[in-house]
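Observations on the model geometry
Single-letter residue listing:
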Amino acid sequence: MVIVGGMLVSCRILPVSAVPVAKGGRVAGLMVAEAVREGAGFVVAARRADDPMERLGWCLRAMEALPPEERVWREEATGMAAAVWPERRVEVAAGGRRWEVAASPMPGVGLSPASAWRVSGPLRHYRTRGAGVPVLCGPMAERDAMPGGLWVNRTAFVGVYGGAARLELVDPADPTVAGQLMAADYTLGWAKMFGLAGGMDRRKLPDVFRPGGNELGPRIYRLAPWNPDKRILLLVHGIFDTPQMWRGVVNGLFRHPEIAAHYQPWVFTWPTGLPLLPAAAALRREFDAALAAADPGGRTFAAGHVTVAGHSMGGLLARTMTSDSGEAVWRAMFTLPPEELPVDADDREVLREACFFRPDARVERVMFLCVPHRGSGIASSVIGSTLAKLQDIPMSVAGPLLRLLTLNPEVIQPEVLGGAFLPLHASIPDLSPHSPVLRALQACPVTTEHHSIIALRFPWPARWNSDGAVSWRSAHLASAESETLVRGGHQSYTDRRCLEAMRRILTEPLHQPVP
């Protein structure tokens, strides 16, 4: 890079397209670097490279993999030498000039070549070739980070800036640097992050039947460092699920530089045995808290450009962020207005928060994935009724209704009081087509731009079809901006056509003028 009068004129990036392996390792049949012990340190020699600075780039990466004692690289033919000192400083000498190269542009964060890791399991590994060395960076400790911290993909290269050399890290979301295509690994960070959080899946059944046992409770996790200039993609899972369900979706979407450059993913997790209304209230409350912590003033671009995607019951939770309840939900539950309800102030506030909601102005659009807007027949079947009886709702959630049921049952609507919704009032009964809560929610039209993605399991017309759990009739919204039908079951969110539809919905606003 050349800087003239404070203006960037040009930049030279080293095409370090092969990942070095210390101690004589090979990459694609090319010997790129080898390290031998010499006295108290190591000498690293690069071979078969015409550009001296390219050799330097390879050797810096090789030295990163060596033990943390003094390491030296030198080449007698050109007079170039590099030394990595214990305090992680790199000095480079060539042609009588001495340069200092930062060994780690991210202090306190570990860097390791992507080639040192292997992605296994259901995730497809997305990579591209180019200049630089893909590296995995982490863990990064940030508020609302996933358990195990944040892990991000970056591409390392040695930049020459006039008379100085510097080790740089760039985001793979930026497809080019100074007009050169950069090497990138789009999957490794997600694989590492979701792998460390794999214990979440062990809570699938306990969260349905004993939701009060989840000490974390409802909360939002960020899957990437906070960026005030990127839109937020908030993902909400459904019943019998955890944020782990989104790993294939995030990997499939954010392999596209256009998505990665403009969006940052967040996930909402909740004990899925909670009733619909309290869970939805928790989503709205936790989103407010997470966004306030990231952007206290609420003035950033990100704060005003949010897209929500909800799967199954998660879509019903997301619906409360994009519709106006008016008094419909409250009247479906109670015979008296809030101010006349014979409860103490705390219980009244809990019930009011659950039953009253308005569209969140920060949410621009919502995507409904296999969402049972009109319920699921499984919830009202013998299997659903049996499972519902096993659900144990914590008193912090069921307490206000149970106290009303005990002391003033006349204030509860007869339809609610006489059904299977009290005193249990859990997530499975709320998904029944006969649920008064769900029918009241249907009366609240979605006023934000919304799109439906519906799976059809059988090869016959949509109106008689379903995904095995949710029928097309239940998932269909006539008001939707678009409706995408994919062939598959209820868990078809990683289907190629589903991801293509999500990508289309996410990229459409990127090509429109920002108000």
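**Considerations on the overall build of the protein**
Summing up its helical and strand segments, the protein has 16 helices and 26 strands in all. Residues counted as buried form 56% of the 515 residues belonging to the protein. Taking all contacts inside the protein whose residues are at least 6 apart in sequence as the whole, residues at least 24 apart take part in 71%. When the accessible surface of the protein is summed, it comes to about 22,000 Å², and 54% of that surface belongs to carbon and sulfur atoms.

**Examining unusual backbone geometry**
Omega for the bond connecting Gly138 with Pro139 falls within 30 degrees of zero, at -5 degrees, which places this linkage in the cis form. Residue placement: Pro139 occurs in strand 14 (residues 133-140). Of note in the backbone geometry, Ser312 takes a positive phi value of approximately 55 degrees without being a glycine. One non-glycine residue, Cys370, lies in positive phi territory at about 55 degrees. Examined against the element boundaries, Cys370 turns out to sit in the loop between strand 24 (363-369) and helix 10 (382-389). The exposure class assigned to Cys370 is buried, which follows from its relative accessible area of 6%.

**Some words on the pairing of strand 25 (residues 449-456)**
Burial of strand 25 is extensive: seven of the eight residues sit out of reach of the surface. Examined bridge by bridge, strand 24 and strand 25 share five bridges and lie parallel to one another. Directly across from Arg365, in strand 25, lies its bridge partner Glu449. Judged from the six bridges that link them, strand 25 and strand 26 (residues 482-487) form a sheet pairing that is parallel. When the bridges of strand 26 are listed, His451 appears paired with Ser482.

**So, the pattern of salt bridges**
On inspection of all chains with the given rule, the structure shows 18 salt bridges. For Glu364, the salt bridge goes to Arg231, with nearest N and O atoms at 3.1 Å. In this pair, Glu364 is assigned in strand 24 and Arg231 in strand 21 (residues 231-236), connecting sequence segments 133 residues apart. Judged by relative accessible area, Glu364 falls into the partly exposed class, the value being 23%. For Arg231, a relative accessible area of 6% puts it in the buried group. Between Asp495 and Arg497 there is a salt bridge, with the nearest N and O atoms lying 3.1 Å from each other.

**Remarks on the side chain of Arg319**
Along the chain, Arg319 turns up in helix 7 (residues 313-319). No salt bridge is formed by the buried Arg319; its nearest oppositely charged neighbour, Asp324, is found at 12 Å. Here Arg319 is in contact with Phe368, His373, Leu441, Gln442, Cys444, Pro445, Val446 and Leu477, once residues within four sequence places are set aside.

**Remarks on helix 9 (residues 345-355)**
Buried residues of helix 9: Asp347, Arg348, Leu351, Ala354 and Cys355, and no others. When helix 9 is viewed along its axis, its buried side chains cluster within an angular range of 130 degrees and face the same direction. The exposed residues of helix 9 that point more than 90 degrees off its buried face are Ala345 and Asp346. Taken together, the buried residues of helix 9 touch helix 6 (276-294), helix 8 (328-333) and helix 11 (395-407). Among the residues of helix 9, the N-terminal cap falls to Asp344, whose side-chain oxygen and the backbone nitrogen of Asp346 are separated by 3.2 Å.

**Notes on the environment of Ala426**
By the secondary structure assignment, Ala426 is in the loop between helix 12 (414-417) and helix 13 (427-430). With relative accessibility at 0%, the residue Ala426 sits in the buried group. With 215 residues separating them in the primary sequence, Ala426 and Pro211 have C-alpha atoms 9.9 Å apart. Once residues within four sequence positions are removed from consideration, Ala426 is found in contact with Gly273, Pro275, Gln391 and Ile393.

**Re the sheet that holds strand 24**
If you trace the seven strands from one edge of the open sheet to the other, you get 20-22-21-23-24-25-26, paired in mixed fashion. Edge positions in the sheet fall to strand 20 (219-222) and strand 26, since each of these pairs with one other strand and no more. Along the sheet, successive strands turn relative to each other by an average axial angle of 20 degrees, direction set aside. Of the strands in this sheet, strand 20, strand 21, strand 22 (263-269) and strand 23 (306-311) touch helix 6, which is tilted by about 140 degrees from strand 22. Packed on one face of the sheet, helix 16 (residues 496-507) meets strand 21, strand 22, strand 23, strand 24, strand 25 and strand 26 and runs near 160 degrees to strand 26.

**Side note on the packing of helix 6 against helix 9**
Packing of helix 6 against helix 9 brings their axes to within 8 Å, and their N-to-C directions diverge by 85 degrees. Comparing their axes, helix 9 and helix 6 come out roughly perpendicular. Packed against helix 6, whose contacting residues are Leu277, Pro278, Ala281, Arg284 and Arg285, the element helix 9 presents Glu353, Ala354 and Cys355 at the interface. Here the residues of the contact of helix 6 with helix 9 sort into five nonpolar, no polar and three charged.

About the cut-offs
- Residues numbered from 1 in each chain as written.
- Predicted model: local features only at pLDDT ≥ 70, side-chain atom pairs only at ≥ 80, totals over all residues.
- Heavy atoms only, no water.
- Helix = DSSP H or I, 4+ residues; strand = E, 2+ residues; numbered from the N terminus.
- Buried < 20%, exposed > 50% of the residue type's maximum accessible area, 1.4 Å probe, protein only.
- Contact = heavy atoms within 4.5 Å.
- Areas by Shrake-Rupley, 256 points an atom, 1.4 Å probe, with all protein chains shown as cover.
- Pairing = 2+ DSSP bridges.
- Salt bridge = Lys/Arg side-chain N within 4 Å of Asp/Glu carboxyl O.
- Lys, Arg positive; Asp, Glu negative; His and termini not counted.
- Arc of directions from axis to C-beta.
- Polar contact = N/O pair within 3.5 Å; in protein donor to acceptor, adjacent residues only side chain to side chain.
- Axes fitted to C-alpha atoms, helices over the stretch in contact; angles between N-to-C directions.
- Parallel < 35°, antiparallel > 145°, perpendicular 65-115°, else oblique.
- Nonpolar A, V, L, I, M, F, W, Y, C, P; charged D, E, K, R; others polar.

Just distances and angles here, no functional claims.
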